[in-house]
Amino acid sequence: VWYHKPAINEELLQSLPNLKVVASAGVGIDHLDLKLLSSYGVKVSNTPFIVSTDTADMGMALMLASSRRLVEGHEMAVSPDTEYFPVDWLGVEVSGATLGILGMGKIGYKVAERAKAFEMKILYHNRNQRKKEEESAVGAIYCKKIDDLLQQSDFVLLAATLTPQTHKLIGKRELELMKPTATLINISRGLIVDQDALVEALQNKVIKAAALDVTYPEPLPRDHPLLKLKNVIITPHIGSATKKTRWVMMEEMAESIEAGLAGLPIPREVL
């Protein structure tokens, strides 16, 4: 399964009575009904480990691009209408700023490792608190309440898994808790954010900016208001899109399929 296609629904499962394993690219499994698959005796695997490094890099890239207004700057630099560069055209600092990470799994922790090099103050909210030695290694502070993280952060980065509990986790109330100078970065799943509320918050300057590698749907309709806002960067869900990582993802998927067909334990099986 690549890019959530084909759809693994009951119709497909009924048409494939000998199906033994579904190997899915990436870490997210929100597109799969695990109970339904299990009822047909089908096992599931994904590729959760290989994607974390590149996706964390993407999170930092979006943070830097948004804070330093790289897309706007590029457009200004290459525009035929540009006669001079204004001296008051400014970005905001990343080094020394406060980063709030929602979801401190493999990807979130790797973002924290990178943010430490930028001397950022790191807050995080997670279903479970990390071990003290893991927190100390990156200088991360656990926020039991999401509200505390939102109120203090200059950048809020979403790296959580999409579940019924995290669906539209960031809505109107949460956006209003953020600083008006804050930026929202999403490298997880589009549905973790209430997109209508985000558009309203960006239009009304409730928050400063957003940098999104994920939206819903993907791609957005060409007339979607998010595409018209200057304070938004959108990339086409490319968190894991490097040659090496995509190659290894395909190798891991093939390995899982071969194991499933041979009746062997499936590497990276999703239970």
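Just so you know, the residues in each chain are numbered from 1, in the order the chain's sequence is written. In keeping with the predicted nature of the model, local features appear solely for residues at pLDDT of at least 70, side-chain atom pairs appear and are counted solely at 80 or more, and the whole-chain, interface and lining totals rest on all residues. Only hydrogens and water are removed before side-chain values are computed, so all heavy atoms of the structure are retained for them.

If you check an unreviewed UniProt entry, the protein appears there as Glyoxylate reductase/hydroxypyruvate reductase from Spizella passerina. Looking at the Sequence similarities (unreviewed entry) heading of the UniProt record, one finds this comment for the protein: "Belongs to the D-isomer specific 2-hydroxyacid dehydrogenase family." UniProt positions are given in the numbering used here, feature names are shortened, and annotations may be inferred rather than shown by experiment.

**Some details on the overall build of the protein**
Working definition: helices are DSSP H or I runs of at least four residues, strands are E runs of at least two. Numbering for both runs from the N terminus. Within the protein one finds 10 helices and 9 strands. What you see for the protein is a C-alpha radius of gyration of 20 Å, in line with the 18 Å of a compact globule of 271 residues. Viewed in the frame of its principal axes, the protein has a C-alpha envelope of about 65 × 50 × 35 Å. Contacts are assigned to residue pairs with any non-hydrogen atoms lying within 4.5 Å of each other. A separation of at least 24 residues holds for 62% of the contacts in the protein among residues at least 6 apart in sequence. With the model as given, the accessible surface of the protein reaches about 14800 Å², and the carbon-plus-sulfur share is 56%. Each radius of gyration reported is based on C-alpha atoms, and the globular scaling rule is 2.2 Å times the count of residues to the power 0.38. Methods summary: accessible areas were calculated by the Shrake-Rupley approach with a probe of 1.4 Å, and residue burial reflects only the protein chains presented.

**Some thoughts on the layout of surface pockets**
Think of a 1 Å grid over just the protein atoms. A cavity is a set of points where a 1.4 Å probe fits yet cannot get out, a pocket is an open set with protein on both sides within 12 Å along at least five of seven lines, and lining residues have an atom within 4 Å of a point. Grid points are joined across faces, edges and corners, and a volume is the space filled by probe spheres set on the points. Here the second largest pocket is characterised by a volume of approximately 430 Å³. Around the second largest pocket, the lining is made up of 20 residues, and of these Glu72, Ala209, Lys230, Asn231 and Val232 lie nearest the centre. When contributions to the lining of the second largest pocket are tallied by element, the ones reaching two or more residues are α3 (51–67), α4 (70–78), β8 (209–212) and β9 (232–234). The biggest single contributor to the lining of the second largest pocket is α4, with 4 residues. Taken together, the residues of the lining of the second largest pocket sort by class into 10 nonpolar, 4 polar and 6 charged. Residues are grouped as follows: Ala, Val, Leu, Ile, Met, Phe, Trp, Tyr, Cys and Pro are nonpolar; Asp, Glu, Lys and Arg are charged; all remaining types, including Gly, are polar.

**Some points on the packing of α3 against helix α5 (residues 106–117)**
A pair of packed helices is captured by two measures, namely the crossing angle of their axes and the spacing between those axes. Every axis in this analysis is a line fitted to C-alpha atoms, fitted for helices over the stretch in contact. Angles between the N-to-C directions lie between 0 and 180 degrees. Packing of α3 against α5 leaves a shortest axis separation of 8 Å and a crossing angle of 50°. Regarding the angle of α3 to α5, the classification is oblique. As α3 runs across α5, the sense of the crossing is right-handed. Contacts from Ser52, Thr53, Thr55, Ala56, Asp57 and Met60 of α3 reach α5 at Lys106, Ile107, Lys110, Val111, Arg114 and Ala115. Here the contact of α3 with α5 is built from residues that sort into 5 nonpolar, 3 polar and 4 charged. Oblique is the label for every angle not falling under 35 degrees (roughly parallel), over 145 degrees (roughly antiparallel), or within 65 to 115 degrees (roughly perpendicular). Rotating anticlockwise by less than a right angle from the far helix to the near helix defines a left-handed crossing, while the corresponding clockwise rotation defines a right-handed one.

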